[in-house]
Amino acid sequence: MDIAATIPTICRKTHNDHSLGIFYGENPLDYSFTLMMFEIIFVISTTWIIRFILKPLKQPRVISEIIGGIIIGPSILGRNKKFTDNFFPDNAQFVVKNIGVMGFMFFLFLSGVKMDMTYIRRSGKKQFYMALIGVILPLTTVAVVGTLTRKYMDKDLARVSSIGAIASSLAITSFPVLNPILKELNLLSSEIGRLAMSTAIISDMMGINAVIAFEAVKQGEVRPMNGVWYLISLVVLIIFFFTVVRRAMKWIVNKTPEGKPVAQGYVVAILVLVMMMGFLTDMFGMAIANGPLWLGLVIPDGPPLGATLVERTETFIAQFLMPFSFAFVGLYTDVFAMGEMGWSGMAPLLAMVVTGYVSKMIGTVLSAMLYDIPFKDSLTLSLILSLRGEVELLLYIHWIDKQIVTIPAFTLMVLSTIVITGIATPIISYLYDPTRPYMVNKRRTIQHHTPNTELRVVICIHDQETVAGLINLLEVSYPTLSSPIRVYALHLVELVGRGMPILIDHDDEEEQSNNTPDDNIHNALKQYQESRGEFNAHAYTAMAPPLSMYQDICELALDRKATIIILPFHMKYPGTLVGTQFFRRRVHSVNLDVLAHAPCSVGILVDKGDFRNPFAGCSMRHSVHQFVVLFLGGADAREALTYADRMAANPNVAVIVIRFLSHNYIGDNEMEKKLDDGVVTWFWVKNESNDRVVYREVVVRNGAETMAAIQALNDDAYYDLWIVGRKQGINPVLLDGLADWSEDNELGVIGDYIASADFGGTSSVLVIQQQILRGRVPAPPLLPLAAASRPIFPCT
């Protein structure tokens, strides 16, 4: 017998390393290095183009990348033999697939780093039972359907382990898939987003156990002892993770100086360890990504280690490696193979898939409604927990390796992933508005605040530099025993190295021991609280993505029934300083979102430096500070004047109010004018005997005269603080010709002008916006409650 004749012979063109160039008449695609470079460019460019096309349709990034991979594969471009032979020959596909597997490994590793397993302990019964019902119901129904249609399946799919693997994949909701999609939808910090993420973590833990069980069954189908050895090797590996590896990671954290990133050498060593874990799990017959995922789970999330790993590797993995992962999926996806297999061969698997998704949604909706979650929100939650993505795709590839599914079945599963995630994501955006809880119909403003009652204020802190100015503002707001101020200080920290937003209440000792935000911020608040008995402070830290930080701010203000939110305006650094432009844009974005959605009034403090003093309570009692209120009319101006009235009661503050009126009352809104007259009259009658309060009126014809009057006021005297309403209700004549001049909508036209460098001086600025009743019919504006018993008459 000729042995050589039994061995398959493959003829393949060998690629040289480098081309001499096209000017020598050579095709660069005939050379391995240039071909690989072209493939990298082609794969990444294709996914970017699809992403650009589908983004307006509210499609998540994962859908664009899956479709980009399919375009490269045999379903579209790969159908052309000439394209495949020139651009993706067999030996080139080998490179793409291996880089793709590495992409999946590192993706799951970073997902493990971001997962906070303590959420399982902190989750309540609601999350646990919702996860349990959402897993057991689809798992059971899919298994039943699979058993009933087993005789119509091929022999590989008909195995018990195969049916169990498919049932478990359809039942489990994966945290690594949900996290990036919810981040794109800006729902991470929302109520429904937090509920979905905590439920997904519990579901993941059930899923890991299910995968282990079915892997063991699969190993034992060939020889029973294989399953036993599989479980033994698994136990040894897990013990290694939670003893040696866990202690090594804690040692790295302890060796890292406080506030500093982990040394580069440790980062490289951990990335090498990721590949080592992938090698070990593959060697033991487990899914290759199990090792990297478990390694990520034992690494402490957040700073310094988790944050450093995510910061230094996430972009490279997401933008460079993951497109190859989806190209890998696309090279296996072949819609024509489904046609060749026919309906009879695909029907059992399709029945299982449809049953899985439907039962998953029904189970989630019913369990959510049992806990009094409205139907609309329950439906949204069910759609979120039905999303599929990277983890499922990796499982499907693993099934091909284990001969659980064939190429047609694999293609069906990939297409079902595109359909369910592609349809569910825009529906989620339509059904759920994360700002809906902040649409309150009760007035929470300083103007309508009951006199001689506690004033509740939320102050937002981005860094230590903003603390002193905010404390000074609280001091001049004049907390007294009859009218105390309760402050909720929220330290805003960008979420890095964690997958779930965290809101920490530092009055909770247990939470404080687990998280250590900047102590200087809290110490400054404590020192001021100790010096003023009329002042109560509560410290919080919100770790969230910049796009959803406003949700934590608005939620805290809503829960604590705050009257006003005070935000810092960052203009300290020159725009050319490296890194500061991004920081300023982030703060600017947060402020705009809060202004748009706040359930109460909002103030933005532009602290130029002179207003900043960490011992405000001491210094301000020995000198009179000059404040000026620019009253241009409207709801924001009335709110600003009412806030200034509170400051005017402070014996260390002098207030001058400048009211701007249009010549011959041109452009005035009659209702707004009456409301303005009433508030101004109330203010003047109340402060008529206060010699530290001055009231003046200025008549102008256009925006240029308005600016000239303000500039003249600035040239005549120095003021420590300028107070102005943002923009609601201002007579357009007063701003005529100024709209194009303004660069910053955050502060309004006048606020932007007096905060700019062109205005001159180092005076700070407080811009006030009165609460906007969004989505509801607003109640008629009222006068300050203190004025309710006073007669209203025009101011002369």
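Residues numbered from 1 in each chain as written. Predicted model: local features only at pLDDT ≥ 70, side-chain atom pairs only at ≥ 80, totals over all residues. Heavy atoms only, no water.

> So, the overall build of the protein chain: which residues are in play, and what are the values?
Within the protein chain one finds 29 helices and eleven strands. Out of the 796 residues in the protein chain, the part that is buried amounts to 56%. Sequence separation of 24 or more characterises 82% of the internal contacts of the protein chain that already satisfy a separation of 6 or more. Just so you have it, the protein chain exposes about 34,800 Å², and 61% of that area is on carbon and sulfur atoms. (Helix = DSSP H or I, 4+ residues; strand = E, 2+ residues; numbered from the N terminus. Buried < 20%, exposed > 50% of the residue type's maximum accessible area, 1.4 Å probe, protein only. Contact = heavy atoms within 4.5 Å. Areas by Shrake-Rupley, 256 points an atom, 1.4 Å probe, with all protein chains shown as cover.)

> Kindly report on the nonpolar core, identifying the contributing residues and their values.
Judged by nonpolar contacts, the single largest core of 119 residues is most densely connected at F109, L295, I299, V405 and F410. Considering every element that reaches this core, the biggest residue donor is helix α14 (residues 305–332), with 13 residues. Apart from the residues lying within four places of it in its own chain, the contact partners of L295 are F109, F241, V245, I270, L273, V274 and M277. (Core = buried A, V, L, I, M, F, W, Y, C linked by side-chain atoms within 4.5 Å.)

> Tell me about the environment of K727, residues and numbers included.
Position of K727 relative to the elements: it lies in the loop between β10 (721–725) and α29 (748–755). Note on K727: relative accessible area 43%, which makes it partly exposed. Apart from residues lying up to four places away in sequence, K727 is in contact with D636 and N745.

> So what's going on with the packing of aromatic side chains? Residues and values would help.
How two aromatic rings sit relative to each other is given by the distance of their centres and the angle of their planes. With the rule as written, the count across this model stands at 14 aromatic pairs. Here the aromatic rings of Y396 and W399 are separated by 5.3 Å at their centres, their planes lie at 50°, and the arrangement is tilted. Of this pair, Y396 and W399 both sit in helix α18 (residues 390–401), three residues apart, which is roughly one turn of that helix. W399 carries the same exposure label as Y396, and that label is buried. One aromatic cluster in this structure is built from F328, Y332, Y396, W399 and F410. It is R79 that lies over the ring of F336; its NZ or CZ is 3.8 Å from the centre. (Phe/Tyr/Trp six-rings, centres within 6.5 Å; stacked < 30°, edge-to-face > 60°. Lys NZ or Arg CZ within 6 Å of the ring centre and 35° of its normal.)

> Please give an account of the pattern of salt bridges that cites residues and values.
The full count for this structure, using the stated rule, is twelve salt bridges. The partner of E672 in a salt bridge is R638, with the nearest N and O atoms 2.8 Å apart. Here E672 is found in helix α27 (residues 670–687), whereas its partner R638 is found in helix α26 (residues 635–648), with 34 residues between them in sequence. Residue D677 pairs with R659 through a salt bridge whose shortest N-O separation is 2.8 Å. Of this pair, D677 sits in helix α27 while R659 sits in strand β8 (residues 653–662); the two residues are 18 residues apart in sequence, bridging distant segments of the chain. Of the two residues, D677 and R659, both sit in the buried class. Several salt bridges converge on common partners, so that one network encompasses E454, R456 and R486. (Salt bridge = Lys/Arg side-chain N within 4 Å of Asp/Glu carboxyl O.)

> Account for the pairing of strand β4 (residues 535–544), with residues named and values stated.
With nine of ten residues buried, β4 is to be regarded as a mostly interior element. Summarising the sheet, strand β2 (residues 485–494) and β4 pair through ten bridges and their orientation is parallel. Among the inter-strand pairings, I485 is bridged to a residue of β4, identified as F535. Where strand β3 (residues 502–505) lies against β4, four bridges are found, and the strand directions are antiparallel. By the bridge assignment, I504 is partnered in β4 with T541. (Pairing = 2+ DSSP bridges.)

> Outline a nonpolar patch on the surface, supporting the account with residue identities and numerical values.
Taken together, F128, Y129, I133, L137, V354, V358, I362, L366, L370 and Y371 make up a surface patch of nonpolar side chains, about 890 Å² in accessible area. Of all elements in the fold, only α7 (125–148) and α16 (343–370) reach the threshold of two or more residues within the nonpolar patch. Within the secondary structure layout, L370 lies in helix α16. We classify L370 as exposed; its relative accessible area is 66%. (Patch = residues over 30% accessible without salt bridge, like charges linked within 9 Å, V, L, I, M, F, W, Y side chains within 5 Å.)

> Account for helix α2 (residues 32–54), naming residues and giving values.
Across its 23 residues, α2 extends 33 Å between first and last C-alpha, which sits within 8% of the 33 Å expected from 1.5 Å per residue. Taken as a whole, α2 has its buried residues at L35, E39, I40, V43, I44, T46, T47, I50, R51 and L54. (Expected span 1.5 Å × (residues − 1).)

> I'd like to hear about the sheet that holds β8, residue by residue, with values.
Strand order in this open sheet of eleven strands is β3-β4-β2-β1-β5-β6-β11-β10-β7-β8-β9, and the pairing throughout is mixed. Single-partner strands in this sheet number two, and they are β3 and β9 (693–700). With strand direction ignored, the average angle separating the axes of adjacent strands in the sheet is 20°. Strand direction decides the pairing type here: strand β6 (residues 601–606) and strand β11 (residues 764–769), joined by five bridges, are antiparallel. Paired with V606 across the two strands is V765, which belongs to β11. (Axes fitted to C-alpha atoms, helices over the stretch in contact; angles between N-to-C directions.)

> Let's hear about the side chain of Q59: which residues, and what values?
Tracing the sequence through the fold places Q59 in the loop between α2 and α3 (61–72). Excluding its chain neighbours within four sequence positions, the residues that come into contact with Q59 are R51, L54, E184, G422 and P426.

> Please give an account of the confidence of the model for the protein chain that cites residues and values.
Across the protein chain, pLDDT averages 79, with 83% of residues at or above 70. Under a pLDDT of 50 for its full length, residues 511–517 has, in the predicted model, ten contacts with residues more than four places off or in other chains. Below pLDDT 50 for its whole length, residues 776–783 participates in 18 contacts with residues either more than four positions away or in separate chains. (pLDDT = per-residue confidence, 0-100.)

> So what's going on with the environment of Y266? Residues and values would help.
By the secondary structure assignment, Y266 is in helix α12 (residues 264–283). Residue Y266 is classed as partly exposed on the basis of its relative accessible area of 25%. A C-alpha to C-alpha distance of 9.2 Å links Y266 and L305, two positions 39 residues apart in sequence.

> Got a sec to walk through helix α8 (residues 160–171)? Specific residues and values, please.
Spacing of three or four residues puts side chains on the same side of an α-helix, whose turn is 3.6 residues. The first and last C-alpha atoms of α8 sit 16 Å apart over twelve residues, in line with the 16 Å expected at 1.5 Å per residue. Across the twelve residues of α8, eleven count as buried, placing the element largely inside the fold.

> Could you give an account of the pairing of β11, naming the residues involved and the relevant values?
Of all six residues in β11, six are buried; the element is thus mostly enclosed. The alternating pattern of β11 places S764, L766 and I768 and V765, V767 and Q769 on opposite faces, both of which are buried. Relative to β11, β10 is paired through five bridges, and the arrangement is parallel. In the sheet register, G725 faces β11, and the bridge partner there is I768.

> Explain unusual backbone geometry to me, using residue names and the numbers behind them.
Its identity as a non-glycine residue notwithstanding, N186 has a phi of 60°, on the positive side. Among the structural elements, N186 can be located in the loop between α9 (175–184) and α10 (191–222). At D372, a residue that is not glycine, the phi angle is positive and equals roughly 65°. Residue placement: D372 occurs in the loop between α16 and α17 (375–384). Here D372 falls in the exposed class, since its relative accessible area comes to 72%.

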